[in-house]
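Overview (structure and organization)
Take a look at the letters that make up each chain.
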Amino acid sequence: MKNFLSDFACNVRSAIILAVSLVAALVIIDSYTWRLLSFPWTIPSSNIPPSFSKEISENTIASNNFSDLHARLVSPAEAEAAIAKAKAADGITDDDYSKFDGQGMQGIAPLPPSTEANSPRAQTVTGMPSPLSAEIPSPEYSEGLVSGTGEGSLQASHSNSLSQPPISQPPMSQPPTSNEMHSNTASIVENTSQTSKSSKDAQHSQTNLQKLESSLRRARMAIRRAVTGGGINAEPKLGSIDYEPVGELYRNAAIFRHYHEMETHFKIYVYQEGEEPLVHSGPCKDIYAIEGRFIQELQGRNPFLTSDPEKAHAFFLPFSVAHMVSYLYSDNSKDMSPLKRVVRDYIDVVNLKYPYWNRSGGADHFMLTCHDWGPHVSRAHQDLSTNVIRVLCNANVSEGYIPYKDASLPEINLIGGHIPTELGGPSGPERQFLAFFAGGDHGPVRPVLFEFWKEKDSDVRVFQSLPPGVSYQDYMKKSKFCLCPGGYEVNSPRIVEAIYNDCVPVIIADSFVLPFSDILDWSTFSIHVLEKDIPSLKIILESVSMEKYLRMQDRVRQVQRHFLLNQPPKRYDVFHMILHSVWLRRLNILIRDY
């Protein structure tokens, strides 16, 4: 009898070890598959980690053309091949693998490729299925340091972490649930009720952060399924009562249609500290209007808001750089220190009062500004520039904009604070001029444009000041292409103005990351002209056939909804597109709970 009991205990112990080993192996395979399905950014060569070098477009680097700093989409065929390769490596069949997809894996957070004892609390999710980098270079990378948390993972620094010893990190955020074990080892689990019970208890004892991360993982899995089965631009399901993204306008319409995951789950906590006009307020008219309008919308009863920070996926820092400039900056002083002091003090208050900033080093926080000085003011605090999601109009990679962490914000000029109502314009053949621009002579690009084209061609209408009696908007509606050169900075409100008037935008700003380029394929509805090619501007534009132009103009009309400011906001409008950009970047971050 004693030998029988001993053998039985040994068999049960072996069964448990086998079950856990199977689950661990499949988690590793799942993580590896995610890495293959993720979307590496095309980034400047000076910031390329060794593991990224093979993904960089040589043509992009050679031409210094950073206007298309978007994700490389993986086709369904590539995705399926990647999954098949990962399965074959461990001899796992489709039936085995499918049991670990979907609801059965909710409780296990995805892991980075390697997990060291000194890993930071906030890490990049290797299996990020959205159009973001799978692995974010650490802030220390620019100084030649390599984090021990896996190639290029995000190093979330903490204000009090330098004096602390390394934190020992467990191999996964929580034990496997009973459902996961049952999926692959049903016969074993029947004999290990104690293990199942402990797994269920662990699931019920999840912290709020672990629950949030589990919900984010489900969103990642839904997007992955869109990659592997939805098709690049698959038609929407029949019976849709609302707009559904479809067509070549989108990099992958099947992925973007999981926008509803954001609408359903995404919750934002807005810090209540601070007083107007520097905080909780911003300009709602003229060139910086998008800054104030966004701050205004994230107030009151907005469905994306939560009053409980424990339920928030992201935290908004509601200060206005544009208002700081208006109220704190002394004209011609070139002194930004008062602005930086306010930002630094605000973060110190948030840091001391709440645990959320230190928990992630600010990686799940975001700020938004349309002022040209936004990137400079964000350098007031190290974590703000290196970890926080910065939503910026001045999305200039040559000034420190990080495409896979930050988000590009469209600049919308609301004259008098009024939302434009006269949208659209005539079709291509009815437009009188080839191209049009009118604006001041400032910045590095416009002087070159004026040198070659200012009032020198009857078909390329370039003015510094419009002739009397001529309407700016009428000129846009009469021109096939609207020139959008950078000014003092790379961004320009003319891009949105062109879209509003059914005029195909011509982007002339080499270092500009275009808004919403995670989702939108700008090459289908705009033209990019390198700054060095300004002398050949007319030749480039005349080479576009009328057939191609009409297709581009149709897509300009289609993309219009994504740049409209509505009160209250409507699905897929600019407010929701901004939130979607933040959502994608939040999905790319995994925060550990200790």
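Being a predicted model, the structure only gives us computed values, none of them experimental. (Residues numbered from 1 in each chain as written. Predicted model: local features only at pLDDT ≥ 70, side-chain atom pairs only at ≥ 80, totals over all residues. Heavy atoms only, no water.)

Here we come to the packing of helix α12 (residues 321–328) against helix α13 (residues 337–353). Orientation of α12 relative to α13, taken along the N-to-C sense of each, is 130°, at an axis distance of 9 Å. Here α12 lies oblique to α13, going by the angle between them. Crossing geometry of α12 relative to α13 is assigned as right-handed. From α12, Met324, Val325 and Leu328 reach across to α13, where they touch Pro338, Leu339, Val342 and Val343. Its residues assigned to classes, the contact of α12 with α13 shows seven nonpolar, no polar and no charged. (Axes fitted to C-alpha atoms, helices over the stretch in contact; angles between N-to-C directions. Helix = DSSP H or I, 4+ residues; strand = E, 2+ residues; numbered from the N terminus. Parallel < 35°, antiparallel > 145°, perpendicular 65-115°, else oblique. Left-handed = near helix turned anticlockwise from the far one by under 90°. Contact = heavy atoms within 4.5 Å. Nonpolar A, V, L, I, M, F, W, Y, C, P; charged D, E, K, R; others polar.)

For the structure shown, the criterion picks out two disulfides. Note on cysteine connectivity: Cys370 is disulfide-linked to Cys393, with sulfurs 2.0 Å apart. Across the S-S bond linking Cys370 and Cys393, the dihedral sits near -95°, which makes this disulfide left-handed. One end of the pair, Cys370, is in the loop between β4 (365–369) and α15 (374–377); the other, Cys393, is in the loop between β5 (389–392) and β6 (407–408), and 23 residues separate them in sequence. Classification of Cys370 as buried rests on a relative accessible area of 0%. Cys393 gets classed as buried once you look at its relative accessible area, which sits at 0%. Each sulfur of the disulfide joining Cys482 and Cys503 lies 2.2 Å from the other. The sign of the S-S torsion, about 115°, decides the handedness of the disulfide formed by Cys482 and Cys503: right-handed. Of the two residues, Cys482 sits in strand β9 (residues 479–485) while Cys503 sits in the loop between α19 (494–500) and β10 (504–508), which places them 21 residues apart along the sequence. Assigned by exposure class, Cys482 and Cys503 land together as buried. (Disulfide = S-S within 2.5 Å. Buried < 20%, exposed > 50% of the residue type's maximum accessible area, 1.4 Å probe, protein only.)

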